[in-house]
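Chain residues, written in single-letter form:
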Amino acid sequence: ASAANKAPASGGARRVLLFPLPFQGHINPMLQLAAVLHARGLRVTVLHSAFNAPDPTRRPVGYRFVTVGASVPIADLVPTGSHGNFAEALLRINERLETPFEDSLRELLLEEEGAPPCLVVDSNLRGMQVVAHRLGVPTLVLRTGAAACLLAYMAFPALCDKGVLPPQDHLQLNMQLDGLHPLRQQDMVFSATIPHETMSTLIERIVESSMCSSGVIINTFSDLEEAELQKIIDGMGVPVYAIGPLHKISLGAQSSLLAQDRTCLDWLDKQEVGSVLFVSFGSLASMDQEELLETAWGLANSRMPFLWVIRPDSVQGSGKIALPDGFEEEARGRGMVVSWAPQQEVLGHQAVGGFWTHNGWNSTLESISEGVPMICRPHFGDQMINARYVQEVWKIGFVLEGKMDRDNIQRSVKKLFCHKEGGEMRRRANNLKDKATQCIKKGGSSQTGIDLLVNCIMALPS
Ligand code: UDP
């Protein structure tokens, strides 16, 4: 274990240790939460693995950063290849970091004067939570997904016991799940490549970490998921804090792992209001060469302006991204491709009128916060659940079903921008944006949630 910069003299407010799962979609909300708690006067220490460590040049002033398990080979923590390996990586991260985390925590506890710290841990890091409890450190859990997702995870074991999951044949895939409207069996088949047993273990650990905590913090807001939040409160038996959208409360928390290409903001300045489709599939999802080609032609043929994020590692099995011949000429002036965008600013830009997304929860919430309707193409994990809510509950987008071919894509883009249906989705998305704006104002539900959370942290037993 290695400690970074020395702790400032203690005293006064309690210290909060925060340990994110080392992936972009988990680091962002955890560092946003850190900023929120720091702004409320709590002292903040961010624990992190050497893999996907926060950029040392952009660390917020006044925090402490501690590397956990600096000597653990990064290859042990990195997911490689398919989604199946991502699930394995989650389990390995817990296993490999447990002992180094214990060492770091012991060191931190020795240094700390006054009230012992508490730990806010990602709900995927059950292993760290067990260690913390063993050393007498109380924990809160951050869920970086939707309340709907946690509710579905809570129901998962019983659905397996009843034989409803995993689906036994194709006919069952469309079956609605009792008590989980609008979810169907297929929305809870989290990946074609993750074995059911591995998925069950991961979900069991997430639910366990939530239930064993002193409180669950969820990056959502009550007007968005009121019924789901109530069911979680009823079912969990621990306090639940809905305090999102975190990125709108902690403006300026810098946690991008990749360099953002900000030239796209200048390009957006030159486009008409509400005219641009933003296309981005998050930090992990990938496509094959054929899908890349179809996406390129679908976008070009739609004749709508687009801003497309193609990460260097987002095309399977190729070291180099090869866009089809003729695409650049066809899309010139109308389209821009970047390798990583300042997504929150892009979605908030007046030129952006639609978002083609994989429905990672951060992307979904960022889109909702800006009133941007969505074309949904979920890949794995909780993304199917999020897409289902976008289409069926909030009605602010629709799922691009079937094969990713150019005609299908072109039709979807037209539907979002040119058809009446798309206009209605845009109107509803704007209504939700207003609600998101209200809840983060003084006295709004998420601000009240933060007040309660801070009180809870201050009152945790030592
Ligand atoms: N993101 C970004 N630039 C990009 C694409 C994504 O900053 O070009 C950010 C995005 O704003 C979001 C995060 O990366 O906060 C992705 O998280 P999400 O939960 O949407 O998906 P994941 O990457 O976990 O699949």
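Rules behind the numbers
- Residues numbered from 1 in each chain as written.
- Predicted model: local features only at pLDDT ≥ 70, side-chain atom pairs only at ≥ 80, totals over all residues.
- Near = placed C-beta within 6 Å.
- Helix = DSSP H or I, 4+ residues; strand = E, 2+ residues; numbered from the N terminus.
- Nonpolar A, V, L, I, M, F, W, Y, C, P; charged D, E, K, R; others polar.
- Buried ≥ 20, exposed ≤ 12 C-beta atoms within 10 Å, placed from the backbone.
- Core = buried A, V, L, I, M, F, W, Y, C linked by C-beta atoms within 7 Å.
- Contact = placed C-beta atoms within 7 Å.
- Pairing = 2+ DSSP bridges.
- Axes fitted to C-alpha atoms, helices over the stretch in contact; angles between N-to-C directions.
- Expected span 1.5 Å × (residues − 1).
- Bend = angle between axes of the 7 residues up to and from the residue.
- Right-handed = clockwise from strand over helix to strand, strands pointing away.
- Arc of directions from axis to C-beta.

Participant: Help me get a handle on the site of the ligand, residues and values and all.
Facilitator: Taken together, 19 residues sit near the ligand, with G25, G282, Q343, G360 and S363 positioned nearest. The greatest single-element share of the shell around the ligand, amounting to 4 residues, is contributed by helix 12 (residues 361-369). Residue classes in the shell around the ligand are distributed as 6 nonpolar, 12 polar and 1 charged.

Participant: So what about unusual backbone geometry? Which residues, and what values?
Facilitator: The general pattern is negative phi for most residues beyond glycine and trans for most peptide bonds. Following H181, the chain continues to P182 via a peptide bond in cis, the omega torsion being 5 degrees. Positionally, P182 belongs in the loop between helix 4 (147-161) and helix 5 (196-211). Along the chain, G244 connects to P245 via a cis peptide bond; the corresponding omega equals -5 degrees. Considering the arrangement of structural elements, one finds P245 in the loop between strand 8 (240-242) and helix 7 (246-249). If you check the backbone angles, R303 has positive phi at about 60 degrees while not being a glycine. Residue classification places R303 among the partly exposed positions, given that 13 C-beta atoms sit within 10 Å.

Participant: Quick rundown of the nonpolar core? Include the residues and the values.
Facilitator: Counting 126 residues, the largest nonpolar core has L18, L33, A152, I217 and L307 as the members making the most contacts within it. Ranked by the residues each element gives to this core, the list is headed by helix 4, at 9 residues. The contacts of L18, once residues within four sequence positions are left out, are M30, L33, A34, V44, V46, L47 and V120.

Participant: Can you break down the sheet that holds strand 14 (residues 397-399) residue by residue, with the values?
Facilitator: The strand order across the open sheet built from 6 strands is 11-10-9-12-13-14, with neighbouring strands paired in parallel fashion. In the strand order of this sheet, the two ends are held by strand 11 (335-338) and strand 14, each with one partner. The mean inter-strand angle of the sheet, taken between neighbouring strand axes irrespective of direction, is 15 degrees. In this sheet, strand 10 (residues 306-309) lies alongside strand 9 (residues 276-280) in parallel orientation, the contact comprising 3 bridges. Bridging from a neighbouring strand, F278 pairs with L307 of strand 10.

Participant: A description of helix 6 (residues 222-236) should follow, citing residues and the corresponding values.
Facilitator: The α-helix advances 3.6 residues per turn, and as a result positions three or four apart in sequence lie on the same side. With 15 residues, helix 6 extends only 17 Å from end C-alpha to end C-alpha; this falls clearly short of the ideal 21 Å at 1.5 Å per step. At E228, helix 6 shows its maximal kink, close to 45 degrees. Backbone geometry just after helix 6 places G237 at a positive phi near 75 degrees.

Participant: Give me the pairing of strand 5 (residues 118-122): which residues, what numbers.
Facilitator: The element strand 5 is largely enclosed, with a buried count of 5 among its 5 residues. Of the two faces of strand 5, the one holding C118, V120 and D122 and the one holding L119 and V121 are both buried throughout. Summarising the sheet, strand 2 (residues 15-19) and strand 5 pair through 4 bridges and their orientation is parallel. Following the sheet pairing, F19 is matched in strand 5 by V121. In this structure, strand 5 lies alongside strand 6 (residues 139-143), joined through 4 bridges in parallel fashion. Along strand 6, the bridge assignment pairs V121 with V141. Handedness of the crossover joining strand 5 and strand 6 through helix 3 (residues 126-134) is recorded here as right-handed.

Participant: Would you mind going over helix 15 (residues 420-439) in detail, with residue names and values included?
Facilitator: Here helix 15 spans 29 Å end to end across 20 residues, near enough to the 28 Å set by a 1.5 Å rise per residue. The complete set of buried residues in helix 15 reads G422, M425, R426, A429, L432, A436 and C439. End-on view of helix 15: buried residues confined to an arc of 135 degrees, all on one side of the axis. Helix 15 presents K420 and D434 as exposed residues on the side facing more than 90 degrees away from its buried surface. Structurally, helix 15 contributes buried residues whose contacts are with helix 6, helix 7, helix 12, strand 14, helix 14 (406-418) and helix 16 (445-459).

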